[in-house]
Amino acid sequence: MTTTPLLEVEGLHKAFGPHEVLRGIDLAVMPGERVAIIGGSGSGKSTLLRCLNFMEVPTAGRIALDGRTLGRRGRDGGTVYPESELCGVRRRVGMVFQQFNLFPHRTAIENVMEALVTVKGTPRAEARARAEAELGKVGLSEKRDAYPSRLSGGQQQRVAIARALAMDPEILLFDEPTSSLDPELVGEVLRVIRGLAGEGRTMLLVTHELGFAYHFATKVVFLADGRFYEVGTPDEVLKHPRGERTRSFLARHSEFAF
Amino acid sequence: MTYDWDFSLLAQNWPVLLRGLLVTVELWIPAMAAGLALGFALGLARLSRSGWVAKPALGAIEVFRGTPVLIQLIWFFYAFPIVIGVQLSPFVAALLGLTLNTAAYCAEIFRGGIQSVPKGQFEGARALGMTRAQAMRRVILPQVLRRMLPAFTNRAIELAKVTSLASVLSVHELMYQGRLLSATYYRPLEILTTVAIVYFVLIYPGSFLSARLERRLAARS
Ligand SMILES: Nc1ncnc2c1ncn2[C@@H]1O[C@H](COP(=O)(O)OP(=O)(O)OP(=O)(O)O)[C@@H](O)[C@H]1O
Ligand SMILES: [Mg+2]
């Protein structure tokens, strides 16, 4: 079966001033694929993810969504991304952050409803019903009227996932969704993410939980110095790494058993 | 030392003060309202990522905050007309100066408030597809307006008193009328005391209401 990739990245570069963080990333993600991105601290994992929903604008390269290249050619030969197009892309590519980034002045259900109403223009009653359904899916129905400050980190992250899901994204990006959680709260969030995998959703996940990545991903990429140092199946990259740097990275994370 | 306090002249002259009070309010409320609106725009400009927008905004804010209001008012009445070639009435010159001065202070309040919201809030909103304006309106401002309220109240109180400087341009506001009466009756102590009381009566209800509103908002969160 040949289909167009849902997400296609070609020669992606990102520099902050003189500091080149991404130096040519190529990636194709088919519908239903789950990509785990691993790599050392500062290797550019977050930056890569943030380029994919344009929280950061790439310095160079091409990003295509469902076969359509984003942005248009500017006068100086670079690519310009009109603001309206980026807002459209962000509706289709959801993101879950390490720090949850819930709106503290809104209850759990209002957090989930907010963008449905303001961005999608869904009528409030309908948005509320949808939000309740999403909160139910992450197991937080009874917390719907709680403010984020009254929720545990794990609960906050689940609300954040429900909030992203409510927008019906075609792709979900997770940036270390469990890194700021107490160890005993990690499991509940990973369970939710595993459930999404079961639904066949297309997802990209940056994580240090290598054990989870092994079971979750259909493809694992090891990022080093702003390039894909090694790409393959979880077995290939995590169990039988070929590259020297992949091996030493994994050795440093040897506490994870697959 | 004894002094014969005599407030009787105020019994006949209170309409003069009342007319002055009216002009004071006509300076105060519009300057505050326009200052808030303009201050918001200026505060956003100050936060712009483009230096071409942010630097002029910063310059304007610093000029208005760093120079005496009295000189600003005089400048708008005497110098500004030379620059633009249109003579302004004393009232309009005073209103313009007070508005811009208030805008400069409000811009800094808005900027500080907006910057106090963690960047992640803005990103959370943007990642859901909100435009900058939507993120500002639905996520950032609701969180900070409450925190800014005391600062805006201070500004409004300050401005109510600063309107008295318009008297140097012969705007017939409260202070001007008070000085006029003083000069006529040689009773500055009684008259200025009365004028001070009128300012207080003007300002206090607003400051009282704002404190109550603040408590109500604090209780709600
Ligand atoms: N907005 C920015 N401005 C300047 N430099 C940045 C910015 N964001 C990231 N960087 C730099 O880019 C590099 C890669 O950062 P990034 O956050 O993508 O790394 P990471 O792989 O996600 O690391 P970690 O595992 O610590 O989250 C780092 O050196 C970082 O300092
Ligand atoms: Mg990171």
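Residues numbered from 1 in each chain as written. Chains lettered and ligands numbered in written order. Predicted model: local features only at pLDDT ≥ 70, side-chain atom pairs only at ≥ 80, totals over all residues. Heavy atoms only, no water.

1. Structural notes on the overall build of chain A
Thought 1: Along chain A, the regular secondary structure elements total nine helices and twelve strands.
Thought 2: Here the C-alpha radius of gyration of chain A, 18 Å, is about what a compact globule of 258 residues would show, namely 18 Å.
Thought 3: For chain A, the spread of C-alpha atoms along the three principal axes comes to 50 × 50 × 40 Å.
Thought 4: When each of the 258 residues of chain A is scored for burial, the buried share is 55%.
Thought 5: Put simply, of all contacts in chain A between residues at least 6 apart along the chain, 65% involve residues at least 24 apart.
Thought 6: In the form shown here, chain A has an accessible surface area of approximately 11300 Å², with 48% of it arising from carbon and sulfur atoms.
Thought 7: Taking the average place of the 34 positive charges on the side chains of chain A and the average place of its 32 negative ones, the gap between the two points comes to 2 Å. (Helix = DSSP H or I, 4+ residues; strand = E, 2+ residues; numbered from the N terminus. Rg over C-alpha atoms; globule rule 2.2 N^0.38 Å. Buried < 20%, exposed > 50% of the residue type's maximum accessible area, 1.4 Å probe, protein only. Contact = heavy atoms within 4.5 Å. Areas by Shrake-Rupley, 256 points an atom, 1.4 Å probe, with all protein chains shown as cover. Lys, Arg positive; Asp, Glu negative; His and termini not counted. Charge placed at Lys NZ, Arg CZ, Asp CG, Glu CD.)

2. Re the UniProt feature "domain: ABC transporter" (unreviewed entry) in chain A
Thought 1: According to UniProt, the positions carrying the feature "domain: ABC transporter" (unreviewed entry) are residues 7-250 of chain A.
Thought 2: Overall, residues 7-250 of chain A shows 38% helix and 27% strand. The separation of its end C-alpha atoms is 28 Å. (UniProt positions renumbered as here; feature names shortened; annotations may be inferred.)

3. Describing the site of ligand 1
Residue and element names in this part refer to chain A.
Thought 1: Around ligand 1, the structure places 13 residues, and the nearest of them are Ser41, Gly42, Lys45, Ser46 and Thr47.
Thought 2: Between Ser43 and ligand 1, the recorded distance is 3.2 Å, taken from a backbone N or O atom to an oxygen atom.
Thought 3: Considered on its own, ligand 1 offers 630 Å² of accessible surface; in the complex 60% of this is hidden by protein.
Thought 4: Those elements that provide at least two residues to the shell around ligand 1 are strand E2 (19-29) and helix H1 (45-52).
Thought 5: With three residues, the single largest contributor to the shell around ligand 1 is H1.
Thought 6: Grouping the amino acids of the shell around ligand 1 by side-chain chemistry returns two nonpolar, nine polar and two charged. (Near = heavy atom within 4 Å. Polar contact = N/O pair within 3.5 Å; in protein donor to acceptor, adjacent residues only side chain to side chain. Nonpolar A, V, L, I, M, F, W, Y, C, P; charged D, E, K, R; others polar.)

4. Digging into the side chain of Thr163(B)
Thought 1: With respect to the secondary-structure elements, Thr163(B) resides in the loop between helix H7 (132-162) and helix H8 (174-185).
Thought 2: Contact partners of Thr163(B), with chain neighbours within four places excluded, come to Thr24(B), Leu27(B), Trp28(B), Leu98(B), Glu173(B) and Tyr199(B).

5. Focus on the packing of aromatic side chains
Thought 1: Inspection of the entire model under this criterion finds 15 aromatic pairs over all chains.
Thought 2: Aromatic side chains Phe222(A) and Tyr229(A) sit 5.8 Å apart centroid to centroid with 80° between the ring planes, which places their arrangement in the edge-to-face category.
Thought 3: Among the aromatic residues, those joined into a ring-pair cluster are Phe64(B), Trp75(B), Phe76(B) and Phe80(B).
Thought 4: One Lys or Arg, Arg34(A), reaches over the ring of Phe216(A) and ends 5.9 Å from the middle of that ring. (Phe/Tyr/Trp six-rings, centres within 6.5 Å; stacked < 30°, edge-to-face > 60°. Lys NZ or Arg CZ within 6 Å of the ring centre and 35° of its normal.)

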